[in-house]
Structures are given as C-alpha cells and as structure tokens.
Amino acid sequence: MESQKFISFSNIYNNHKKPVYHYALKMVQSSMTAEDIVQNVFMKLFEKMDSIKSFESVRYWLLKTARNEVYSYFRKTKNRKEEALEANEETLIESNLGNEIEEKEVQEMVRNEIDLLPAELREIFALREYSELSYEEIGQIVGLSKEIIKSRLFTIRQKLIKNVAKKIGV
Amino acid sequence: MICKDYQLCIHEFLENELKKEDQKLLFSHLGECEVCRDYFSTASTIRQTIVEDKNLFPASLDEEIYLQLPKKKSFAFEDFFSVKIPAYFAYVLLAMVILLSLTLFNEVNQYKNELHQTALQLKEQKRTVELLFNSLPAVEVHPVSNNNL
C-alpha cells in the first residue's frame, strides 16, 4: 500500500513538476521562491494522496494549490516584489543598448517582456503557455469564463509581440 | 478576414490547433501581408523561447523533494491487516472456524460426561467396599499363654 503511494506520487511528480515550477517562476520571478513553492505543493499532494480518488485533473489541482502559494507569497512580500519589478526594468533598458541583437539576447528580451506583464495577465499567460492548461481550466482557476480567457490571452500575446518587435526592431 | 483574424490564426497554428483549410488561407495571406509576416516571426520567436524554457528544471529540486518525503515503512502490522482478503475466502475461513469450535465444544462436553460417570462409579465402589467391610463379623481376640512359669 505504502509502496503504491510512492509510485503514484513519483509518476505525478515527474509528469507535472515542470508546469508547476514554470508557473511559479513566472509569477514570483525568483527561482529560489519558485522551488520552495514547488516543494510545498508536492508535499501537500503527498499528504493528500490517500484521499485523492481520481488523478485525471491532478494538474489543475496542483496549479490551483501553486496559485494559493504564490498569492500567499505576494501577500507576505508585497513591497519587495515591486522593487524587483523596478530592477527588471533597469536591466531591460541596459540590455537594449547594444546594436547587434543575437538570438540569446532576443530570448532574454522575450523573458523580460513576459516578466513585465501585470501579474493577472502574466498568470493567464503562464497557465496557458507554460502549464498547458485548457481555457476552461484557466477560467476555473482565476474565476473567469472561457471566452474572457481566450480574448485576454489574445490581447496579452498581441501586446507581447508589439513590445518585443519594438525592442528587436522588426 | 482582416489581419486581426489572421493573427488569431497564427497563435492557433503555433499551438497546433489550426485546421488544414485555415492553414492554407493563413499562408497565402502571409505571402501578401508584411505586417502579419513580422507578427508571425515575432510570435514564433516568443514561442521558441517558451518551449526552450519549459524544459528547464533545477536538478537539485528532485532530490530535495524526495528527501522530504516520509520514509517508506517496511511491511508493518497494520499493513498486514489492511490487506484485502477476497470475500469468499473470508466466508470459508469463518465457516471452518465455526465448525472447529462446535467440534471442540462437543468433545469437551463428552469428556466432561465421561469424567462425571467415572466419578459416580468410583463413589459407588467406595460405598460397596465400606458396606462389605462393615458386614464382616466382629473378630474376638483371646489371649493364649504358653508360659509355664
């Protein structure tokens, strides 16, 4: 019985660790905090393994739990997060000074632009792009309808493309 | 369709959700429209960055998480009792236990009766022996003297 629990946990962990980690990373913008969040989420999963009857929507459950952890972190470090965003903006300006833009730089620019999105938009974007949730699942997590999520996602992508294009001079 | 519709198609295409017929329309439009071509190019760059990032994961985190898990227990007492026994096997076992109990109960009862009978017989024998002993005539003892002094 105990061994079965470990095997199930291991399977779920290997299949869903990356989406949970990248969602947390995009939201908190700190790899150490994202790692802590992933640990907390999977420890909670392990505690609840016996009571989970269906593992079909386990990714949804994991991301919802990760979201609670992220918002709990935001509440604790509200001021520090704003400082980090300002620092990011400075880095972005500095990185844009060079004339020749290489692929790596473009990718870094894209990452910065994603990080600069407002938290509520970044969340929808991360849940779709990094965690690969359906529009319905994202809607359930953030409390919006499928249509609104679809439309917001398109707006976010347009904004992102516009900003990146401006930076790389397309 | 206007450029905005084609841009929506670009995202669907990058997510592998665009139908074949719409793909043809999209690519013929991209051949004509430079704005949408640039949009497609930037969208692909963003997508590529995300795909590369998605595969990254801190290697040390796996170890940290597995170390935090409670240790695996060996086959413990509660595990033995939590093992599910098929119902028919349980019924057979129960019937055997009941039969064995009844047999033992009968055996004990029989042994108890035999013991009681033996005790009664012994008591009777003891009484007979006492009666026989008491019915014997009294023995008179006369002293005989061979002393010629």
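Just so it is clear, the model here is predicted, and its values are computed rather than measured. (Residues numbered from 1 in each chain as written. Chains lettered and ligands numbered in written order. Predicted model: local features only at pLDDT ≥ 70, side-chain atom pairs only at ≥ 80, totals over all residues.)

**So, the overall build of chain A**
Where we set the bar: Numbering of helices and strands runs from the N terminus; a helix is a DSSP stretch of H or I covering at least four residues, while a strand is a stretch of E covering at least two. The exposure scheme places C-beta atoms from the backbone and then counts, for each residue, the other C-beta atoms within 10 Å of its own, assigning buried at 20 or more, exposed at 12 or fewer, and partly exposed in between. In this description, a residue-residue contact is defined by the distance between C-beta atoms placed from the backbone, which must lie within 7 Å.
Scanning chain A from terminus to terminus reveals eight helices and zero strands. Taking all 170 residues of chain A together, 28% fall into the buried category. In chain A, once contacts between residues fewer than 6 apart in sequence are set aside, the share between residues at least 24 apart is 69%.

**Quick look at the interface of chain A and chain B**
What counts, and what does not: Three categories are distinguished: nonpolar for Ala, Val, Leu, Ile, Met, Phe, Trp, Tyr, Cys and Pro, charged for Asp, Glu, Lys and Arg, and polar for the others, with Gly belonging to the last.
Facing 30 residues of chain A, the contacting portion of chain B comprises 25 residues. Broken down by secondary-structure element, the contributors of at least two residues to the side of chain A that touches chain B are α1 (2-28), α2 (31-48), α5 (103-115) and α8 (146-168) of chain A. Here the residues of the side of chain A that touches chain B sort into 17 nonpolar, six polar and seven charged.

**Side note on the confidence of the model for chain B**
Residue and element names in this part refer to chain B. Short version of the rule: Residue-level confidence of the predictor is what pLDDT reports, using numbers from 0 through 100.
In the predicted model, chain B carries a mean pLDDT of 85, and 87% of its residues have values of at least 70. Within chain B, the element-level pLDDT minimum falls on helix α5 (residues 77-82), averaging 56, and the maximum on helix α6 (residues 87-135), averaging 92. Scored by ipTM, the complex comes to 0.76, with pTM at 0.65.

**A look at the packing of α2(A) against helix α3 (residues 58-76) of chain A**
Helix packing geometry: the angle between the two helix axes and the distance between the axes. All names here are of chain A. For clarity, the cut-off: For helices, the fitted line uses only the C-alpha atoms of the stretch in contact; every axis is such a line through C-alpha atoms, and the angle between N-to-C directions lies from 0 to 180 degrees. By the definition adopted for this analysis, an angle is roughly parallel if under 35 degrees, roughly antiparallel if over 145, roughly perpendicular if from 65 to 115, and oblique otherwise. Should the near helix be turned anticlockwise from the far one by less than a right angle, the crossing is left-handed, and should it be turned clockwise, the crossing is right-handed.
As a packed pair, α2 and α3 sit with axes 9 Å apart at the nearest point and diverge in direction by 130 degrees. Between α2 and α3, the angle is such that the two are oblique. Like other packed secondary-structure pairs, α2 and α3 cross with a definite hand, here right-handed. Listed contacts from α3 to Thr-33, Ile-37, Asn-40, Val-41, Lys-44 and Leu-45 of α2 are Leu-62, Thr-65, Ala-66, Glu-69, Val-70 and Tyr-73. Residues of the contact of α2 with α3, tallied by class, amount to seven nonpolar, three polar and two charged.

**Details of the environment of Ile46(B)**
Checked against the element boundaries, Ile46(B) lands in helix α3 (residues 34-54). For Ile46(B), a count of 22 C-beta atoms within 10 Å gives the class buried. Here Ile46(B) is in contact with Val110(A), Leu160(A), Ile161(A) and Val164(A), once residues within four sequence places are set aside.

**Remarks on unusual backbone geometry**
A positive phi angle is found at Glu132(A), which is not glycine, with a value near 55 degrees. Along the chain, Glu132(A) turns up in the loop between α6 (119-129) and α7 (135-142). Phi is positive for Asn16(B), which is not a glycine, with a value near 60 degrees. Mapped onto the fold, Asn16(B) is located in the loop between α1 (3-14) and α2 (20-32).

**What to know about the packing of α1(B) against α3(B)**
Residues and elements named next belong to chain B. In the contact formed by α1 and α3, the axes pass within 10 Å of each other and the chain directions differ by 30 degrees. By the angle between their axes, α1 is roughly parallel relative to α3. The hand of the α1/α3 crossing is right-handed. Of α3, the residues touching α1 (which contributes Cys-3, Tyr-6, Gln-7, Ile-10, His-11 and Leu-14) are Val-35, Cys-36, Tyr-39, Phe-40, Ala-43, Ser-44 and Arg-47.

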